[in-house]
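Take a look at the letters that make up each chain.
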Amino acid sequence: MSTSSTLNILFAASEAAPLIKTGGLADVAGSLPAALRELGHDVRLVLPAYPQTIEKIGELTTVATLKLGGYQQPINILSSLLDNGVPCYLVDAPEYFSRQGNPYLAPNGHEWGDNAERFALFCRAIIAIGQNRSQLKWQPDLIHCNDWQTGLVAPLLSTEPNRPATLFTIHNLAYQGLFEQSTFNRLALPEELWTLHGLEFHDQLSYIKGGIVYSDRVNTVSPTYAQEVLTTEFGYGLEGLLSHRTNHFSGIINGIDYQEWNPTHDSRIHHHYDHTSFQLKQLNKKALQAHFNLPQKPNAPLFGYIGRLVEQKGVDLILQIIPGIIDRGGQVVMLGSGEAKLEKAMQEMHKKFPEQTGLFIGYDEDLAHQVEAGCDAFLMPSRFEPCGLNQIYSLRYGTVPIVRHTGGLADTVVDVTPETLADGSATGFHFDEASSSALWGAVERALDFYQHSRSHWQRLAITGMQQDLSWASSAEHYQTLYIKALADLEEC
Ligand code: ADP
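To keep things clear, this report deals only with the structure shown in the data block. All values derive from a computational prediction rather than experimental measurement. (Residues numbered from 1 in each chain as written. Predicted model: local features only at pLDDT ≥ 70, side-chain atom pairs only at ≥ 80, totals over all residues. Heavy atoms only, no water.)

Helix H14 (residues 365-374) sits mainly inside the fold: eight of its ten residues count as buried. Buried residues of H14: Leu 367, Ala 368, His 369, Gln 370, Val 371, Glu 372, Ala 373 and Gly 374, and no others. For H14, the elements touching its buried residues are helix H11 (281-291), strand S13 (302-309), strand S14 (331-338), strand S15 (357-361), strand S16 (377-380) and helix H15 (390-396). For H14, the N-terminal capping position is held by Asp 364, with its side-chain oxygen 3.1 Å away from the main-chain nitrogen of Asp 366. (Buried < 20%, exposed > 50% of the residue type's maximum accessible area, 1.4 Å probe, protein only. Helix = DSSP H or I, 4+ residues; strand = E, 2+ residues; numbered from the N terminus. Contact = heavy atoms within 4.5 Å. Polar contact = N/O pair within 3.5 Å; in protein donor to acceptor, adjacent residues only side chain to side chain.)

Now for the pairing of S15. Note that S14 and S15 share five bridges and pair parallel. The residue bridging Met 334 from the neighbouring strand is Leu 359, located in S15. Of the crossover connections in this fold, the one passing from S14 over helix H13 (residues 340-352) to the parallel S15 is right-handed. (Pairing = 2+ DSSP bridges. Right-handed = clockwise from strand over helix to strand, strands pointing away.)

Before going further, it helps to examine the nonpolar core. As a rule of thumb, soluble globular proteins bury nonpolar side chains together. Core analysis: the largest hydrophobic core is formed by 104 residues, its most contacted members being Ile 402 and Phe 429. Here this core spans two domains, since at least three of its residues come from each of domain 1 (8-255 + 472-491) and domain 2 (278-468). If you look at the next biggest cluster of nonpolar residues, it comprises 62 residues, including Tyr 89, Ile 127, Leu 173 and Leu 205. (Core = buried A, V, L, I, M, F, W, Y, C linked by side-chain atoms within 4.5 Å. Domains from an automatic or database assignment.)

Our focus in this paragraph is unusual backbone geometry. In this structure, Pro 18 follows Ala 17 across a cis peptide bond, with omega equal to 0 degrees. One non-glycine residue, Gln 135, lies in positive phi territory at about 65 degrees. With respect to the helices and strands, the residue Gln 135 is situated in the loop between helix H4 (115-130) and strand S6 (142-146).

Within a pair of aromatic rings, the relevant descriptors are the distance that separates the centres and the angle that separates the planes. Within this structure, the stated rule accounts for 18 aromatic pairs. Ring centres of Phe 97 and Phe 119 lie 5.9 Å apart, and the angle between their planes is 55 degrees; this geometry places the pair in the tilted category. Of this pair, Phe 97 sits in helix H3 (residues 94-97) while Phe 119 sits in helix H4, and the two are 22 residues apart along the sequence. Note on Phe 97: relative accessible area 0%, which makes it buried. (Phe/Tyr/Trp six-rings, centres within 6.5 Å; stacked < 30°, edge-to-face > 60°.)

If you check the shell around the ligand, you find 18 residues, and the closest are Lys 21, Gly 24, Arg 308, Lys 313 and Gly 362. Separating an oxygen atom of the ligand from a side-chain N or O atom of Asp 27 is a distance of 3.1 Å. Contact between the ligand and Asn 390: an oxygen atom at 3.1 Å from a side-chain N or O atom of the residue. When the ligand sits alone it has 560 Å² of accessible area, and the protein chains cover 93% of it. For the shell around the ligand, the element with the highest residue contribution is S13, accounting for three residues. (Near = heavy atom within 4 Å. Areas by Shrake-Rupley, 256 points an atom, 1.4 Å probe, with all protein chains shown as cover.)

Looking now at the side chain of Glu 228. One can find Glu 228 in helix H8 (residues 223-228). Ignoring any residue separated from it by four or fewer positions in sequence, one finds Glu 228 in contact with Phe 234, Thr 406 and Gly 407.

A word on the environment of Leu 241. Here Leu 241 is to be found in helix H10 (residues 239-244). Not counting residues up to four positions away in its chain, the partners in contact with Leu 241 are Lys 209, Ile 212 and Val 213.

Following this line, the structure appears as structure tokens:
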């Protein structure tokens, strides 16, 4: 084992930006390992070898070949050093991962029928690396697992001698990796894991439960969400189990990658600016209005939304208040893809108000940066939000966030109140209830602010831009958690 001041960490995730991304997990896996390396740790990333990932990395070397029990084909481990200095291993099992498009969904939008098999294999490969059975001549002190796709690592490791410590991070409790009981038998998992205290969850096989029950430490991605998931409203039936683990469960807010998300040098936006040249943000607004064929009115408050189109994000609430924003002379631009009924509702709204709304249904990284740089305000009315990254990007780009008071949104945005205005800490607007009227209340407050006192608005935006939103402090919190997990393991 390495000394506790420099740890060997295997960071296991099913996606990592910029190699493969569907959501916030990818942003974290793409930047936290590098921040931890800056603290002196030997952190290595392990991902499935999806074809688009192989293509993006380019040069790869086969560094090991695994023969895993129960699998016919040998599995290659490919390796490369990423641009951010993080060594990366890809688990190359073409039968399971050589599929274009979304890593979890088939082209028809449904989950791949063999997702349980795909990610069980991924977990077994992670364990082979973790236990130094892979000819890599490197063993981690700790495996940092992320979300259900890595949920079998801790249970399968739990009975092995000389195992590394484990940390399981929940990026979204709504996605649990639930499969029929017959899958458990098909995967030839050890029988003793099928108990109420193990992988069984209401007669189903639960990958996320495996991570929660068997990992030395468990965390989620904001302190407020860590409290919320202990309640029936947010816990999806796992609240009792999480409460039981409360001494080993905590919340750490995500940081953001300052190389990727920085208006002073972001190559994807039209005009660079910082808090001392805030007026240049106006040029990005003009460019965004032009992009969406909106009238280039400098004083029309421009609201933005970026994200998956799913119930969680409260996009339906935004749709209900768009006419109100337009009545007050505002404009709205939206970028996202997801559920067909929400995509359709957005298209209908855009058809109704082509001169005041801009819409792109799809995934577009460049446009995401341009929306953050060009908008005056950002709408994030999530019903729940483990951390949320777009409101943090908004703060960084001086785009005032309007957020529901939940999860990481509550932890990152300071609501405008007489007190927070007086002490200069306000950065955005909160509302409580998940309803369009509550959202409208916050939007109205923002509109009043924007239309009556532009210098106060600018103050808010600049306060947001000046927050330290980098990974520096959160990476230190992870370091502390790793050390606690190692101490827990020693005690066992
Ligand atoms: P979640 O992980 O729940 O999807 P987050 O706010 O944590 O939500 O992270 C979402 C990430 O995905 C952000 O980096 C966001 O910019 C990006 N994103 C989501 N939808 C799109 C899209 N349609 N085009 C470009 N980027 C997107």
